[in-house]
Amino acid sequence: MKMKTITILAIFFMLQCSFANDMFWSKTGHRTTGEVAQQHLTRKAKRGIDKLLNGQSLALVSTFGDDIKADAAYKKFSAWHYVNFPLDKKYTDVEPSEYGDVVMGIQHCVAILKDEKSSRADKVFYLKFLVHLVGDLHQPMHVGRKEDKGGNDIQVQWFGKGSNLHRVWDSHMIDAYNMSYTELAANLPRLSKKQKKAIQQGTVYDWVEESQDLAAKLYTSVEVGENLRYRYSYVWWSTVEKQLQKGGLRLAKVLNEVFK
Ligand code: ADE
Ligand code: ZN
Ligand code: ZN
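Every value quoted in this text rests on a predicted model; they were computed, and no experiment measured them.

(A) View of the pattern of salt bridges. On inspection of all chains with the given rule, the structure shows 10 salt bridges. With a shortest N-O distance of 3.2 Å, aspartate 67 and lysine 27 are connected by a salt bridge. In this pair, aspartate 67 sits in helix H5 (residues 64–67) while lysine 27 sits in helix H2 (residues 27–38), placing the two residues 40 residues apart along the sequence. Salt-bridge contacts for glutamate 257 lead to lysine 260; the nearest nitrogen and oxygen are separated by 3.2 Å. Exposure remark for glutamate 257: the relative accessible area of 39% places this residue in the partly exposed category.

(B) The arrangement of the site of ligand 1 in detail. Near ligand 1 there are 8 residues, and of these Tyr82, Asn84, Met141, Gly150 and His166 occur at the shortest range. The separation between a nitrogen atom of ligand 1 and a polar side-chain atom of asparagine 84 is 2.7 Å. Methionine 141 is positioned such that a nitrogen or oxygen atom in its backbone is 3.3 Å from a nitrogen atom of ligand 1. Its free accessible area being 260 Å², ligand 1 has 92% of it covered by the protein chains. Split by residue class, the shell around ligand 1 holds 3 nonpolar, 4 polar and 1 charged.

(C) Structural detail: the sheet that holds strand S5 (residues 227–228). The strand order across the open sheet formed by 3 strands is S4-S3-S5, and the pairing between neighbours is mixed. Each end of this open sheet is capped by a strand with a single partner; those strands are strand S4 (161–164) and S5. Across 2 bridges, the pairing between strand S3 (residues 155–158) and S5 is parallel. Counted as the bridge partner of tryptophan 158 is leucine 228 from S5.

(D) How the structure looks around the coordination of the zinc ion (ligand 3). Distances from the zinc ion (ligand 3) to its protein donors, namely His81 (ND1), His132 (NE2) and Asp136 (OD), fall within the range 2.0 to 2.2 Å. Look at histidine 132 and you get buried, because its relative accessible area is 0%.

The rules behind the values
Residues numbered from 1 in each chain as written. Chains lettered and ligands numbered in written order. Predicted model: local features only at pLDDT ≥ 70, side-chain atom pairs only at ≥ 80, totals over all residues. Heavy atoms only, no water. Salt bridge = Lys/Arg side-chain N within 4 Å of Asp/Glu carboxyl O. Helix = DSSP H or I, 4+ residues; strand = E, 2+ residues; numbered from the N terminus. Buried < 20%, exposed > 50% of the residue type's maximum accessible area, 1.4 Å probe, protein only. Near = heavy atom within 4 Å. Polar contact = N/O pair within 3.5 Å; in protein donor to acceptor, adjacent residues only side chain to side chain. Areas by Shrake-Rupley, 256 points an atom, 1.4 Å probe, with all protein chains shown as cover. Nonpolar A, V, L, I, M, F, W, Y, C, P; charged D, E, K, R; others polar. Pairing = 2+ DSSP bridges. Donors = N, O, S within 2.8 Å, 3.2 Å for Na, K, Ca; no water.

Below, the structure is given as structure tokens:
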């Protein structure tokens with residue numbers, strides 16, 4: 001191969017790497033949330049879910065929402081994973097996106113599951129999607145600003161390699177921690193019944209606000225171009241854990257309510 005060809009290929013490859021946005025809470029993150037939820041289901045909910053999923057766990061199906069992104073047939077769901085609106089506005093104060101968003105996605109899934117007339121296939125599809133979306137809602141950068149696509153356009157480095165703020169929160173910190181979802185779920189902070197109940201309080205609108213408040217802080221947690229390393233994870237890891245745990249507890253609340 002000529003040198004010129006090699007150079008062009010190398011440049012193409014590098015661009016490819018820097019533009020490819022993962023854009024999802026890592027598989028491990030989603031599974032951890034699914035696992036926490038699984039541990040907090042009522043007996044009735046567990047039975048109803050088992051029937052629909054043929055015994056598959058919530059952890060297993062939690063990545064479904066991202067898995068189907070590879071199929072063009074599901075393109076219409078691509079905006080369901082996040083919601084972007086100004087940090088100084090409330091979700092309910094802004095015009096809803098015509099493409100849908102994570103809040104509408106969750107509400108749609110719940111409605112399908114509650115409707116006796118829904119087909120079994122639809123119930124299975126929207127149950128899997130619901131598990132995924134409640135996880136996404138708790139990745140704070142999924143409730144971000146439109147102008148930077150929830151931090152996707154905020155370039156930073158992760159251990160010297162090009163990345164962005166969104167990806168640091170989607171996957172870098174969780175992947176660097178290098179634990180399985182079962183290990184993560186088993187080692188989350190111990191909470192009393194009362195603390196769990198407090199986390200499960202409120203509605204999807206409250207939870208969106210909470211993620212947004214957190215996102216606002218995260219936008220100020222980095223300088224553009226900064227090389228994030230151990231120190232960043234050290235500061236923010238407990239927040240990652242809390243988000244995974246809250247997502248799981250709240251998913252259980254939603255599912256217990258659906259399969260009542
Ligand atoms: N694309 C545009 N905004 C996004 C966000 N907040 N999260 C994930 N993907 C996005
Ligand atoms: Zn993401
Ligand atoms: Zn997603």
